[in-house]
Amino acid sequence: MSNIRVRFAPSPTGNLHIGSARTALFNWLFARRMKGVFILRIEDTDELRSTDESTRAIFSALRWLGLDWDEGPVPEGGELGAYGPYFQGKRAGMGVYRKYSDQLMAQGMAYRCYCTPAELDEQRKRAQLEKRPPKYEGTCRHLTEAQCRDLEAQGRKPVIRFRMPDEGVTAWNDLIRGEVKFENKLLYDFIMVKASGYPTYNFACVIDDHLMEMSHIIRGDDHISNTPLQLLVYKALGWTPPEIAHLSMIHGPDGTKLSKRHGATDVQAYEAEGYLPAVIRNYLALLGWSTPDSQQLFTGPDLIEKFDIAGCQKNPAMFDPVKFKWMNGEYIRKLTPDELLDMAAPFLKKAGVGQNADRETLKKIVALEQEKYKLLGEIPSLVDFFFKDEAEFDPRAVEKVFKKPEAKKVLADMRERYLKLADFNDVSLEKEARDYAASASLKAGQVFHPLRVAVSGRTEGPTLFKMIEYLGRDAVSKRLERAAALCG
RNA sequence: GCCCUCAUCGUCUAGAGGCCUAGGACGCUGCCCUUUCAAGGCAGAGAUCAGGGGUUCGAAUCCCCUUGAGGGCGCCA
């Protein structure tokens, strides 16, 4: 058992975003690879935006992705692990953060600030105009006790700010980027505790990461500038910070941080389109990480076995929907017919396709076009013609195939032959068609193409004679008869 | 404006001074297979390693500058 402890700490303010999912994945991979512990902590200190609904959405998305956590809240109720609670809201209620903000106040490393949000906003705007950094100016930095009492008498509620050192440098050795350093004088006195008494992210995060004994913090690159602030809190409290690694961001096609603007960006949306969880894991892992031989597909446990922080990329990666989709097709092709049917079932059900068919029949039909599927969501529309009373004819197919002079006769003759055929299976069906073509001095294609359109309504589809076999003699006969009427 | 980060085919990347006439994958093109569409097989186009200076016998790899891109500067996380 190693002492590796890492966490995924989302704020429940929406569905699980693909970028967050990647952060979760990298932490999970690292934990599994190192035989460590993967912790889920809910950072619900934003009282306005956090919702239970989002929390549930995050739980289910993580579960669906297969990213199981060893410690943290359990969706069914209760918690796993000895470091709870794992909701920051609950921890705040227990006074967990209060203890440390009091300590920092007593040490003189934190102070009360009575500036209102409106005043701060004003200051920021002014600074922007004057081309100065829009950071807190330290208005309340040196308030006396008496001044504090006065302001409070006026009804002002204070926040607690961390007192940044005026000089010195804060640096760390980032596992992915190497040494990163910030001059302390450029940092600002950030708010640790809001007027409501709730802690802010930069404060709560440090307290919890320490109390939960995190060994590594693996998070997005957008947190780099928060890191010196947090490191200074560790220092003020006399704590040793964990190892830190900053992952590069995922960008959309326009080169900016992937967001809603770029279309589907939450895990649930990809689930609905029919992406496999294993594909999301595989593709996301490749966005910013690679093996020395640049392996693409990790279908077994090798994703965990080969994962290594050292293989993480520093530069941001663009999310490529085309490659993502290719990979999904690649995984679908490797499924057994039973697995494929199980995964397709919810999509078939939703589309109302094949719901009266027995499992074996449905399985055969779904597997017929397995090598063609890229998304589970496209399966219903590709197999629906098997289950309809009659084929829906694509006008282009009718134009292209049924207008051929021989089409009408071919369909009528083949209907006769198939009605009399002893064994209605793909081998005999094909032999019969080929024999007919030879006897009528036609090329195989001149027989096959009209047949295909007649039974399916389309020019493209599964292998012809399997398709006819699965459709069954009665359905085929009816479809050939109706199609013949459309010819000419 | 200030701070931070990053920089190899269109995209994801391999590459840690000579194995690089820069490798793989997606996508693209052509051919083969074939009853269609796919899948598969084969072949190919595609990167003067952002630009400029150094260091070195030798640089995609080390150093500096420039440029470009991204992130941050919230009582959001």
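Residues numbered from 1 in each chain as written. Chains lettered and ligands numbered in written order. Predicted model: local features only at pLDDT ≥ 70, side-chain atom pairs only at ≥ 80, totals over all residues. Heavy atoms only, no water.

### Things to note about the overall build of chain A
Point 1. Per the secondary structure count, chain A includes 21 helices and 13 strands.
Point 2. Over its C-alpha trace chain A gives a radius of gyration of 32 Å, far above what one expects of a compact globule, namely 23 Å for 488 residues.
Point 3. With respect to the three principal axes, the spread of C-alpha positions in chain A is 105 × 50 × 40 Å.
Point 4. The buried share of chain A, reckoned over its 488 residues, is 49%.
Point 5. For chain A, the share of sequence-separated contacts (at least 6 apart) that also reach a separation of at least 24 residues comes to 73%.
Point 6. Carbon and sulfur atoms provide 52% of the accessible area of chain A, an area that totals close to 23,700 Å².
Point 7. Put simply, chain A has 70 plus and 68 minus side-chain charges, and the middle of one group is 2 Å from the middle of the other. (Helix = DSSP H or I, 4+ residues; strand = E, 2+ residues; numbered from the N terminus. Rg over C-alpha atoms; globule rule 2.2 N^0.38 Å. Buried < 20%, exposed > 50% of the residue type's maximum accessible area, 1.4 Å probe, protein only. Contact = heavy atoms within 4.5 Å. Areas by Shrake-Rupley, 256 points an atom, 1.4 Å probe, with all protein chains shown as cover. Lys, Arg positive; Asp, Glu negative; His and termini not counted. Charge placed at Lys NZ, Arg CZ, Asp CG, Glu CD.)

### Observations regarding the sheet that holds strand 9 (residues 191-193)
Point 1. Ordered by their spatial adjacency, three strands build an open sheet running 5-6-9, and the pairing between neighbours is antiparallel. Of all strands in the sheet, those bounded by a partner on one side alone are strand 5 (110-113) and strand 9. In this sheet, neighbouring strand axes are inclined to one another by 45 degrees on average, regardless of whether the strands run parallel or antiparallel.
Point 2. Relative to strand 6 (residues 159-162), strand 5 runs antiparallel, the two sharing four bridges. Counted as the bridge partner of A110 is F162 from strand 6.
Point 3. On top of the sheet, helix 4 (residues 96-106) reaches strand 5, strand 6 and strand 9; it is set at about 100 degrees to strand 5, its chief contact. (Pairing = 2+ DSSP bridges. Axes fitted to C-alpha atoms, helices over the stretch in contact; angles between N-to-C directions.)

### Remarks on the packing of aromatic side chains
Point 1. On inspection of all chains with the given rule, the structure shows 19 aromatic pairs.
Point 2. Ring centres of W289 and F307 lie 5.5 Å apart, and the angle between their planes is 40 degrees; this geometry places the pair in the tilted category. One end of the pair, W289, is in the loop between helix 10 (277-286) and helix 11 (302-306); the other, F307, is in the loop between helix 11 and strand 13 (317-318), and 18 residues separate them in sequence.
Point 3. Here W289 falls in the buried class, since its relative accessible area comes to 2%.
Point 4. Ring geometry for Y418 against F424: centres 6.2 Å apart, planes inclined by 80 degrees, an arrangement best described as edge-to-face.
Point 5. Taking relative accessible area as the criterion, F424 reaches 17% and is therefore assigned buried.
Point 6. In this structure an aromatic cluster arises from ring pairing among Y270, Y275, Y283, F319 and F324.
Point 7. Of note, R5 hangs over the ring of Y83, and the distance from its end group to the ring centre comes to 3.9 Å.
Point 8. Here the basic side chain of R161 rests over the ring of Y136, its NZ or CZ set 3.3 Å away from the ring centre. (Phe/Tyr/Trp six-rings, centres within 6.5 Å; stacked < 30°, edge-to-face > 60°. Lys NZ or Arg CZ within 6 Å of the ring centre and 35° of its normal.)

### Focus: the side chain of H246
Point 1. Position of H246 relative to the elements: it lies in strand 11 (residues 243-247).
Point 2. With a relative accessible area of 0%, H246 lands in the buried category.
Point 3. Within polar-contact distance, the side chain of H246 engages the side chain of T227 at 3.2 Å.
Point 4. Setting aside anything within four residues of it in sequence, one finds H246 in contact with W172, D174, I176, R177, R219, G220, D221, H223, I224 and T227. (Polar contact = N/O pair within 3.5 Å; in protein donor to acceptor, adjacent residues only side chain to side chain.)

### Notes on unusual backbone geometry
Point 1. Of note, the bond from G84 into P85 is cis; its omega dihedral lies within 30 degrees of zero at -5 degrees.
Point 2. The topology assignment puts P85 in the loop between strand 4 (79-80) and helix 3 (88-93).
Point 3. Phi is positive for E213, close to 55 degrees, though the residue is something other than glycine.
Point 4. Within the element layout of this structure, E213 appears in the loop between helix 7 (201-211) and strand 10 (216-220).
Point 5. Judged by its relative accessible area of 47%, E213 is partly exposed.
Point 6. Residue S294 is not a glycine yet carries a positive backbone phi of 60 degrees.

### A few points about the protein's contact with RNA strand B
Point 1. In the neighbourhood of RNA strand B, 68 residues make up the surrounding shell, with T45, S225, K372, H449 and G461 lying closest.
Point 2. Sugar and phosphate atoms form 72% of the subset of RNA strand B atoms that lie within 4 Å of the protein.
Point 3. Between RNA strand B and the protein, one listed contact pairs a phosphate oxygen with a side-chain N or O atom of K257 at 3.3 Å.
Point 4. Of all the elements in the fold, those that place two or more residues in the surface near RNA strand B are helix 5 (117-129), strand 8 (178-183), strand 13, helix 12 (321-333) and helix 19 (444-456).
Point 5. A total of five residues in the surface near RNA strand B trace back to one element, the largest contributor, which is helix 12.
Point 6. In terms of residue class, the surface near RNA strand B is built from 25 nonpolar, 21 polar and 22 charged. (Near = heavy atom within 4 Å. Nonpolar A, V, L, I, M, F, W, Y, C, P; charged D, E, K, R; others polar.)

### Topic: the environment of K194
Point 1. Relative to the elements of secondary structure, K194 occurs in the loop between strand 9 and helix 7.
Point 2. Linking K194 and R161, residues 33 residues apart in sequence, is a C-alpha distance of 8.9 Å.
Point 3. Excluding its chain neighbours within four sequence positions, the residues that come into contact with K194 are T45, D46, E47, P158, V159, P199 and T200.

### What to know about helix 5
Point 1. Spanning 13 residues, helix 5 covers 18 Å between terminal C-alpha atoms, matching the ideal 18 Å at 1.5 Å per step.
Point 2. Residues of helix 5 that are buried: L120, Q123 and A127. What you see down the axis of helix 5 is that its buried residues fit within an arc of 60 degrees, all on one side. Residues of helix 5 that are exposed and point more than 90 degrees away from the buried face comprise P117, A118, K125, Q128 and L129.
Point 3. On its buried face, helix 5 sits against strand 6.
Point 4. Phi turns positive, to about 55 degrees, at K131, one or two residues after helix 5. (Expected span 1.5 Å × (residues − 1). Arc of directions from axis to C-beta.)

### Here we look at the domain arrangement of chain A
Point 1. As assigned here, chain A comprises domain 1 (8-91 + 250-318), domain 2 (95-247), domain 3 (337-387) and domain 4 (395-486).
Point 2. Look at where the C-alpha atoms of domain 2 and domain 4 centre, and you get two points 75 Å apart. (Domains from an automatic or database assignment.)

### Details of the pattern of salt bridges
Point 1. All told, the structure shown has 42 salt bridges when counted by the stated rule.
Point 2. Several salt bridges converge on common partners, so that one network encompasses R7, R41, E43, R91, D208 and D209. (Salt bridge = Lys/Arg side-chain N within 4 Å of Asp/Glu carboxyl O.)

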